[in-house]
Each structure stands twice: as C-alpha cells, then as structure tokens.
Amino acid sequence: MKARSVGVVALFWGAAHTSGLIVTQVWCSSEAREAPAFAIGVYIAAINLGVTVGAMACRGRWP
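Here's a quick rundown of the structure. Computed from a predicted model, the values in this text were never measured in an experiment.

For the rest of this paragraph, the subject is the overall build of the protein. Broken down by element type, the protein carries two helices and zero strands. Computed over its C-alpha atoms, the radius of gyration of the protein comes to 16 Å, more than 25% above the 11 Å expected for a compact globule of 63 residues. For the protein, the spread of C-alpha atoms along the principal axes amounts to about 50 × 25 × 10 Å. Counting across all 63 residues of the protein, residues that qualify as buried make up 6%. Counting every atom, the protein has about 5,600 Å² of accessible surface; 73% of that belongs to carbon and sulfur.

And the structure:
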C-alpha cells in the first residue's frame, strides 16, 4: 500500500513539475523576441545544471 501511495504522489509531482517547465519555457521564449533560440538554450542548460547539482548533492545518501 505504501508503494502505491508513493507512486501516486510521484505521478502528481511529475505532472506539476513538467507543466511548470513548459509554462516557463513558453514565457521565456516570448520575452526574448530577438533571440528565442538562445534563451531556450540557456534555459535548458540551467535545468540540466540544476539536475546535476541535485544529483551530486544526494550522491551516496539515497537508499
């Protein structure tokens, strides 16, 4: 029962997180009218950096 609850929470967390990324990507590209491709590239690089730093911070602590 606990694993199912964690799965449901993870599903909703993933949906909320993904929709947030899509909304901010659209906002970023609409604000950078002169160079939208560059803005999206920087945006994706920042996301990748955040994932990398988070993974490095949790290294060895995940059960």
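Let us look at the environment of A3. Tracing the sequence through the fold places A3 in helix 1 (residues 2-31). Among the residues examined, A3 registers a relative accessible area of 65% and is labelled exposed. Separated by 14 residues in sequence, A3 and H17 have C-alpha atoms that sit 21 Å apart.

The first and last C-alpha atoms of helix 2 (residues 36-57) sit 32 Å apart over 22 residues, in line with the 32 Å expected at 1.5 Å per residue. As for helix 2, its buried residues are in contact with helix 1.

Next up on the list: the packing of helix 1 against helix 2. To characterise two packed helices, one gives the angle between the axes of the helices and the distance between these axes. It is the contact of helix 1 with helix 2, at a shortest axis distance of 9 Å, that shows an interaxial angle of 145 degrees. Classified by chirality, the crossing of helix 2 by helix 1 is right-handed. Contacts between helix 1 and helix 2 involve L21, T24, Q25, C28 and S29 from the former and P36, A39, I40, Y43 and I47 from the latter. Tallied by class, the residues present in the contact of helix 1 with helix 2 amount to seven nonpolar, three polar and no charged.

With that out of the way, let us pick up the environment of A46. Residue position: A46 is located in helix 2. Classification of A46 as partly exposed rests on a relative accessible area of 49%. In the structure, A46 is positioned 17 residues away from S29 in sequence and 15 Å away in space, judged by C-alpha atoms.

Conventions adopted
Residues numbered from 1 in each chain as written. Predicted model: local features only at pLDDT ≥ 70, side-chain atom pairs only at ≥ 80, totals over all residues. Heavy atoms only, no water. Helix = DSSP H or I, 4+ residues; strand = E, 2+ residues; numbered from the N terminus. Rg over C-alpha atoms; globule rule 2.2 N^0.38 Å. Buried < 20%, exposed > 50% of the residue type's maximum accessible area, 1.4 Å probe, protein only. Areas by Shrake-Rupley, 256 points an atom, 1.4 Å probe, with all protein chains shown as cover. Expected span 1.5 Å × (residues − 1). Contact = heavy atoms within 4.5 Å. Axes fitted to C-alpha atoms, helices over the stretch in contact; angles between N-to-C directions. Left-handed = near helix turned anticlockwise from the far one by under 90°. Nonpolar A, V, L, I, M, F, W, Y, C, P; charged D, E, K, R; others polar.

Purely geometric stuff here, so don't read any function into it on its own.
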